[in-house]
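# Remarks on the overall topology
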Amino acid sequence: MKGGSMTKILLEIILKTAVEISENSGNFDPAVVKILGNFERAYRETYMSATELAQVVDMAALSLRNPKGHLYYIGKDTLGIMGFIDASEMFDTYGEDYFTIRGFVEGGWPEIRNSEGNLTEISPLFHVSTEEFQLEIISQLEDCDSVILAELGSGNFHEISAKNREIMKGVKNRGSKTALLLFGNFAENFKLKEEHAALFDKVVKFQLEKTEILPEVHSLAEFSAKLVFNGISTSSCIQKGRVFNNRMINLSVSNDKLFHRSVGIIASLASVSEEIATQSLIRS
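Presented here is a report on the structure given in the accompanying data block. (Residues numbered from 1 in each chain as written. Predicted model: local features only at pLDDT ≥ 70, side-chain atom pairs only at ≥ 80, totals over all residues. Heavy atoms only, no water.)

Let us look at unusual backbone geometry. Phi is positive for R113, which is not a glycine, with a value near 60°. Topologically, R113 is positioned in the loop between α6 (109-112) and α7 (130-137). Classification of R113 by relative accessible area gives exposed; the value is 59%. Phi at S271 takes a positive value of approximately 55°, unusual for a residue other than glycine. Within the secondary structure, S271 sits in the loop between α11 (256-270) and α12 (274-283). Take S271: its relative accessible area is 65%, and that puts it in the exposed class. (Helix = DSSP H or I, 4+ residues; strand = E, 2+ residues; numbered from the N terminus. Buried < 20%, exposed > 50% of the residue type's maximum accessible area, 1.4 Å probe, protein only.)

Between side chains of opposite charge, a pair can form when the charged atoms approach closely. What the rule picks out here adds up to 12 salt bridges. Here K8 and E222 are joined by a salt bridge, their closest N and O atoms 2.8 Å apart. Of this pair, K8 sits in helix α1 (residues 3-23) while E222 is found in helix α10 (residues 219-240), placing the two residues 214 residues apart along the sequence. Relative accessible area serves as the criterion here: at 12%, K8 is assigned to the buried category. A residue is classified by how much of its surface remains accessible, and E222, at 8% relative accessible area, is buried. A salt bridge links E195 to K193; the nearest nitrogen and oxygen atoms lie 3.9 Å apart. Since its relative accessible area comes to 30%, K193 is described here as partly exposed. (Salt bridge = Lys/Arg side-chain N within 4 Å of Asp/Glu carboxyl O.)

Here is the structure:
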């Protein structure tokens, strides 16, 4: 589990506690241990599908190792946003250019609800809706590309929306690799409609006992998706050679956190003090 995942857990606990207190006039036991237990269970449940997830990782890594390959995440609501955020971090942490790994959210910026508003006009890289993916990206796809769709589901049957079926048909027609990630509490006899399953080379179901800690807020499914997207992008970049001795050696020194991470890498690999590593980094 990476630092961002722990941050999400802490924020979810704080926000749930605030909601419960406001609704119960202050007479509320936050039950932090219980909430942490829910996240712990979701963490373990996610990695119960590690073998199947590894196949998606290999698919994505094959695309990234190809000089012409790309990896695209698409999704709706917060699951789409989880993929979008993960993709946005790849330039700084692994040195991937902004075009190689991208995330698209159904509805685009209004669904992302960022404070700056609609950023579409800045450049094509800010075209982040699945509608724009369909219009601008699909026609450029090749057999070395991978497209991963994430969806929330439950019960014994799941049907891909007509809009996403049309998108994935377009992707398959271009010969690209495809995967479906399903998050939810599914029945034992769960089935995906055959013609829908045929749109994907890989289908991975993440069976979660619970997806919410507040009604209609799928915090545990989001947490599971964050772990999965982190796993796919990180493991793919490892296979591409972006990591040495468990260290991100191709990162960009673009913020305070990555500056200090770079200092730590230099100090460790060169066997020098942090002071010397800091001076060397600044001089470089």
